[in-house]
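Analysis of the macromolecular model
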Amino acid sequence: MDHHEGFREFVLARQQSLMRTAYLLMGDAHLAEDLLQSVLSKVVGQWSKLSRSGNPEAYTRKALVNQYISWRRRHRPELPSAHPPERSASYDDATLDRIVLRQALAKLGRKQRAVIVLRFWEDLTEAQTADVLGCSIGTVKSQTHRALARLREIAPELMDLHVEEVAR
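What you see is a predicted model; the values in this text were computed from it and never measured. (Residues numbered from 1 in each chain as written. Predicted model: local features only at pLDDT ≥ 70, side-chain atom pairs only at ≥ 80, totals over all residues. Heavy atoms only, no water.)

Notes on helix α6 (residues 110-121)
For α6, with 12 residues, the first-to-last C-alpha span of 16 Å sits near the 16 Å given by 1.5 Å per residue. Of all the 12 residues making up α6, nine are buried; the element is thus mostly covered by neighbouring parts of the structure. Among all positions in α6, only Gln112, Arg113, Ala114, Val115, Ile116, Val117, Leu118, Arg119 and Trp121 are buried. (Helix = DSSP H or I, 4+ residues; strand = E, 2+ residues; numbered from the N terminus. Expected span 1.5 Å × (residues − 1). Buried < 20%, exposed > 50% of the residue type's maximum accessible area, 1.4 Å probe, protein only.)

Written out as structure tokens, the structure reads:
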């Protein structure tokens, strides 16, 4: 029996969703690819055990968040600009909103950013988010509350938006 049977299919089925999560966590496409590649290289080593457990996606998401938190402790990404570009004809409002939101997310602490990404982009419940982060539901609630308050402080112009508008 092949110890990696089903891994390729898993990656093909979940790659876009996992990459989106990695991108929202990292804020940079290249770093997100590195993060996802690093996590998948660890997952493939555990694949036979994970495929038997029945929930390899939960393990992979948890590993993704944990690796992100670990990397953020060691490296603070450089942001090219603290301010969004001037409004011009080449950007529509939704594009500018995404830029401002990504910059605001980059200013959050690693755990607050992870909570926001998992709760509002990945649409996980509080219980699912707590499971991925390895914390209590109360911690998820308090981190979400603090993160949203910080986002309101950083980018008040985004508070009228719906997550669906910015996630596109």
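Re the packing of aromatic side chains
Applying the stated criterion to the full structure yields two aromatic pairs. For the ring pair Phe7 and Trp47, a centre distance of 5.3 Å and an interplane angle of 75° mean the geometry is edge-to-face. One end of the pair, Phe7, is in helix α1 (residues 7-26); the other, Trp47, is in helix α3 (residues 47-53), with 40 residues separating them in the sequence. Here the two residues Phe7 and Trp47 agree in accessibility, since each one is buried. A connected cluster of aromatic rings, assembled from ring pairs, spans Phe7, Phe10 and Trp47. Here the basic side chain of Arg119 rests over the ring of Phe120, its NZ or CZ set 5.8 Å away from the ring centre. (Phe/Tyr/Trp six-rings, centres within 6.5 Å; stacked < 30°, edge-to-face > 60°. Lys NZ or Arg CZ within 6 Å of the ring centre and 35° of its normal.)

Here's the deal with the side chain of Gln112
Structurally, Gln112 is set in helix α6. Discounting chain neighbours no more than four positions away, the residues touching Gln112 are Gln143, Arg146, Ala147 and Arg150. (Contact = heavy atoms within 4.5 Å.)

Digging into unusual backbone geometry
Of note in this structure, Asp123 is not a glycine but carries a positive phi near 55°. Within the element layout of this structure, Asp123 appears in the loop between α6 and α7 (126-133).

Things to note about the packing of α7 against helix α8 (residues 137-154)
Their axes nearest at 8 Å, the elements α7 and α8 cross at an angle of 100°. It follows from the interaxial angle that α7 and α8 lie roughly perpendicular. Between α7, through Glu126, Ala127, Thr129 and Ala130, and α8, the contact on the second element is made entirely by Ile137, Val140 and Lys141. Of the residues that constitute the contact of α7 with α8, the class distribution is four nonpolar, one polar and two charged. (Axes fitted to C-alpha atoms, helices over the stretch in contact; angles between N-to-C directions. Parallel < 35°, antiparallel > 145°, perpendicular 65-115°, else oblique. Nonpolar A, V, L, I, M, F, W, Y, C, P; charged D, E, K, R; others polar.)

Describing the nonpolar core
In terms of nonpolar packing, the biggest core is built from 41 residues, with Leu35, Leu64, Val65 and Ile116 touching the most fellow members. Contributing elements (two or more residues each) for this core: α1, α2 (29-45), α3, α4 (56-74), α5 (93-106), α6, α7 and α8. Apart from residues lying up to four places away in sequence, Leu64 is in contact with Leu18, Thr21, Ala22, Leu25, Leu35, Leu36 and Val39. (Core = buried A, V, L, I, M, F, W, Y, C linked by side-chain atoms within 4.5 Å.)

Structural notes on the confidence of the model for the protein
Model confidence for the protein is summarised by a mean pLDDT of 80, while 76% of its residues fall at 70 or above. Note on residues 162-168: pLDDT is under 50 here. Beyond four places in sequence and across chains, it has nine contacts. (pLDDT = per-residue confidence, 0-100.)

Quick notes on α8
With 18 residues, α8 should cover 26 Å at 1.5 Å per step; its first-to-last C-alpha distance of 25 Å lies within 8% of that length. Along α8, the residues classified as buried are Val140, Gln143, Thr144, Ala147 and Leu151. For α8, the angular spread of the buried residues around the axis is 105°, confining them to a single face. Facing away from the buried side of α8, by more than 90 degrees, are the exposed residues His145 and Glu153. (Arc of directions from axis to C-beta.)

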